[in-house]
Amino acid sequence: MPLEHPAHEALQAQLAELDAASLKRQHRIQAHACSPATLADGKSLLAFASNDYLGLANAPELIAAAQAAAARWGVGAGASHLVSGHTEAHQALDEALARFTGFEAALGFATGYLANIAVMPALLGRGDAIFADRLNHASLVDGALLSRAELNRYAHCDLTMLGAQLSASRARRKLIVTDSVFSMDGDVAPLAKLLALAEQYDAWLLVDDAHGFGVLGPQGRGALAEAGLSSGRLILMGTLGKAAGVAGAFVAASRTVIDWLLQTARPYIFTTATPPMLAATLQEALTLIAVGDERRAHLQRLIAALTAGLAGTPWQLLPSRTAIQPILIGDNARTLAISQALEAHGLHVPAIRPPTVPQGTARLRVSLSAAHTAEDVARLCSTLHDLAQDFA
Ligand SMILES: *Cc1c(COP(=O)(O)O)cnc(C)c1O
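Source: prediction; values computed, not measured.

Q: Sorry if this is basic, but what is going on with unusual backbone geometry here?
A: Glycine aside, residues mostly have negative phi, and peptide bonds are mostly found in the trans state. Omega for the bond connecting P354 with P355 falls within 30 degrees of zero, at 5°, which places this linkage in the cis form. Notably, R148 is not glycine yet its phi reads approximately 70°, a positive angle. Even without a glycine there, the phi angle at Q219 is positive, about 55°. Here Q219 lies in the loop between β7 (204-208) and α9 (223-227).

Right, dumping it as structure tokens:
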């Protein structure tokens, strides 16, 4: 029996408004392990929708590692990290992540969202200032708000505007924060120039490498390694549920910063440690990332095939050299209609709408994975060619 209550009426009206504006979100219920070949809501679909950039989420090596780790460690950590939940597996992963990223120390978190809402409140407070790219991920916005520092947002990758904000600021402590690869655009932040501004204005630089870790740089060491940057001002956040194929995240920085996070980062301290079997599985994922040049080369070939395949068509790919290849549409309802038309042809390409992206910039977010084949990308291109007359 439905629980009727007058308090529901306002929510129901708001849900109806979202629906009318083509903004209501729905689960797609998946019946297969993460893979380009999906069975979603009972329909067989070729999906361009995951962040599993290297195809590790369902890799036999990681399934075997997870099975062995479950036998060794059981399934639950039983407590938070600073009580009794921090195992040798967690410690070994933290140390491996520090070595892999080239930082003095690293600390594992349960998710990237939690890592991002941990760092800024730990380092900054009232009287301090944060300078954030306007297209940063929602978790970075939330982290900045939670810190209570003044939040200055600069236009996307606009270093002139950022420089002006930094030079006008009289805050005690400053922090610049950016996505490395922008999650809904696929472009890469000008990291060397951001670090130069951080040096000039005595600010921290926090880089969210959710979409670069595992994919960019030598051996997949990430966007900072690709740019050849290292500095005591740098704080790196990377996620382990995207290219690494498992779940979790980490912050890598100087030993001092990591020691401070261990004392003060509330989303680290007041939550149950992740299952140690995941930490052990992630060590194997790091090994696969390090030896993953063939996976990364295959991904690069797919990116090149998609951009070549859509060149000269009315479909407007945003400029991106990464696995995130969005097609800008604009209108919410049209974006949804195109996504539905693709689905009628057996393809799942998500329609990304506000508030995930700014008003008027709804898009199809094509994401490519080393698990895709050249034929998969050719099929996407030919279906888009066929639909161009109706929609583009
Ligand atoms: C996915 C993502 C996160 C959140 O990471 P989770 O591990 O999924 O919580 C943070 N930042 C960016 C840029 C992301 O794309």
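Q: Please explain the pattern of salt bridges as it appears in this structure.
A: Once their charged atoms are close, side chains differing in charge can pair, the charge on each being opposite to the other. One pass over the full model with this rule turns up 11 salt bridges. Salt bridges here are not isolated pairs; linked through shared partners, they connect R28, D41, K43 and E343.

Q: Help me understand the UniProt feature "domain: Aminotransferase class I/classII large" (unreviewed entry) in the protein chain, please; the structure alone is not making it clear to me.
A: The positions UniProt marks with the feature "domain: Aminotransferase class I/classII large" (unreviewed entry) are residues 45-384. The distance from the first to the last C-alpha atom of residues 45-384 is 15 Å, and the span holds 44% helix and 17% strand.

Q: I would appreciate a short explanation of the packing of helix α7 (residues 159-168) against helix α8 (residues 191-200) in the present structure.
A: Where α7 meets α8, the closest approach of the two axes is 11 Å, and the angle between their N-to-C directions is 15°. The angle between α7 and α8 falls in the class roughly parallel. As α7 packs across α8, the resulting crossing turns out to be right-handed. Contacts between α7 and α8 involve L159, L162, G163 and L166 from the former and K193, L194 and L197 from the latter. For the contact of α7 with α8, the class distribution of residues is five nonpolar, one polar and one charged.

Q: Looking at this model, I keep getting lost on the UniProt feature "binding site: substrate" (unreviewed entry) in the protein chain. Mind explaining?
A: Here the UniProt-annotated "binding site: substrate" (unreviewed entry) positions come out as R25, H137 and T356. Checked against the element boundaries, R25 lands in the loop between α1 (7-20) and β1 (37-40). Apart from residues no more than four positions distant in its own chain, R25 is found in contact with R353, P354, P355 and T356. Structurally, the position occupied by H137 is in the loop between β4 (129-133) and α6 (138-147). A residue is classified by how much of its surface remains accessible, and H137, at 29% relative accessible area, is partly exposed. A distance of 2.7 Å separates a polar atom in the side chain of H137 from a polar atom in the side chain of S139.

Q: Explanation requested: the sheet that holds β1 in the structure shown.
A: Each strand in a sheet pairs with its neighbour through backbone hydrogen bonds, running either in the same direction (parallel) or in the opposite one (antiparallel). With mixed pairing, the three strands of this open sheet are ordered in space as β1-β2-β12. Every interior strand has two partners, whereas the edge strands, β1 and β12 (347-348), have only one. Pairing between strand β2 (residues 43-47) and β12: two bridges, direction parallel. Bridging from a neighbouring strand, A47 pairs with H348 of β12.

Q: Help me out: how do you make sense of the domain arrangement of the protein chain in this one?
A: Where interface size is quoted, it is often the accessible area lost as the parts come together. For the protein chain, the domain assignment lists domain 1 (24-54 + 293-391) and domain 2 (60-290). On a C-alpha basis, the centres of domain 1 and domain 2 stand 27 Å from each other. In this assembly, 21 residues from domain 1 lie in contact with 22 residues from domain 2. It is Y53, R296 and R321 that lose the most area in domain 1 upon contact with domain 2, and together they represent 30% of the buried surface on that side.

Q: Before we go on, may I ask you to explain the sheet that holds strand β14 (residues 362-367) in this structure?
A: Pairing in this open sheet of four strands is antiparallel, and the strands run β10-β11-β14-β13 from one edge to the other. Where the open sheet ends on each side, the last strands, each with one partner, are β10 (316-317) and β13 (351-352). Pairing between β10 and strand β11 (residues 324-330): two bridges, direction antiparallel. Considered in β11, the bridge of L317 is made with I327. Contacts between helix α14 (residues 332-344) and the sheet are confined to β11, β13 and β14, with β14 contributing the most and set at about 35° to the helix.

Q: Sorry if this is basic, but what is going on with the side chain of H90 here?
A: One can find H90 in helix α4 (residues 88-101). Taking the relative accessible area as the measure of exposure, H90 reaches 5% and is therefore buried. Only 2.8 Å separates the side chain of H90 from the backbone oxygen of T274, close enough to count as a polar contact. When sequence neighbours within four positions are dropped, the list of residues in contact with H90 reads A77, H81, G85, A273, T274, P275, P276 and A279.

Q: Could you clarify how one ought to interpret the site of the ligand in this entry?
A: Around the ligand, a shell composed of 14 residues is seen, among which G112, Y113, D208, H211 and K242 lie nearest. For the ligand, whose accessible area on its own is 380 Å², the fraction buried by protein is 82%. In terms of residues, the shell around the ligand owes the most to one element, helix α5 (residues 112-123), which gives three residues.

Q: In this structure, what is going on with the packing of aromatic side chains? I would like to understand it.
A: When we look at a pair of aromatic rings, we describe it by the centre distance and by the angle of the planes. If you walk through the whole model with that rule in mind, you get three aromatic pairs. Measuring from ring centre to ring centre gives 5.8 Å for F100 and F213, while their planes differ by 80°; the resulting arrangement is edge-to-face. Pair noted here: F100 is in helix α4 and F213 is in the loop between β7 and α9, with a separation of 113 residues, a long-range link. Given a relative accessible area of 7%, F100 falls into the buried group. Each ring, one from F109 and one from Y268, has its centre 5.5 Å from the other, and the planes form 65°; the classification is edge-to-face.

Cut-offs applied
- Residues numbered from 1 in each chain as written.
- Predicted model: local features only at pLDDT ≥ 70, side-chain atom pairs only at ≥ 80, totals over all residues.
- Heavy atoms only, no water.
- Helix = DSSP H or I, 4+ residues; strand = E, 2+ residues; numbered from the N terminus.
- Salt bridge = Lys/Arg side-chain N within 4 Å of Asp/Glu carboxyl O.
- UniProt positions renumbered as here; feature names shortened; annotations may be inferred.
- Axes fitted to C-alpha atoms, helices over the stretch in contact; angles between N-to-C directions.
- Parallel < 35°, antiparallel > 145°, perpendicular 65-115°, else oblique.
- Left-handed = near helix turned anticlockwise from the far one by under 90°.
- Contact = heavy atoms within 4.5 Å.
- Nonpolar A, V, L, I, M, F, W, Y, C, P; charged D, E, K, R; others polar.
- Buried < 20%, exposed > 50% of the residue type's maximum accessible area, 1.4 Å probe, protein only.
- Polar contact = N/O pair within 3.5 Å; in protein donor to acceptor, adjacent residues only side chain to side chain.
- Pairing = 2+ DSSP bridges.
- Domains from an automatic or database assignment.
- Buried area = accessible area lost by both parts, 1.4 Å probe.
- Near = heavy atom within 4 Å.
- Areas by Shrake-Rupley, 256 points an atom, 1.4 Å probe, with all protein chains shown as cover.
- Phe/Tyr/Trp six-rings, centres within 6.5 Å; stacked < 30°, edge-to-face > 60°.

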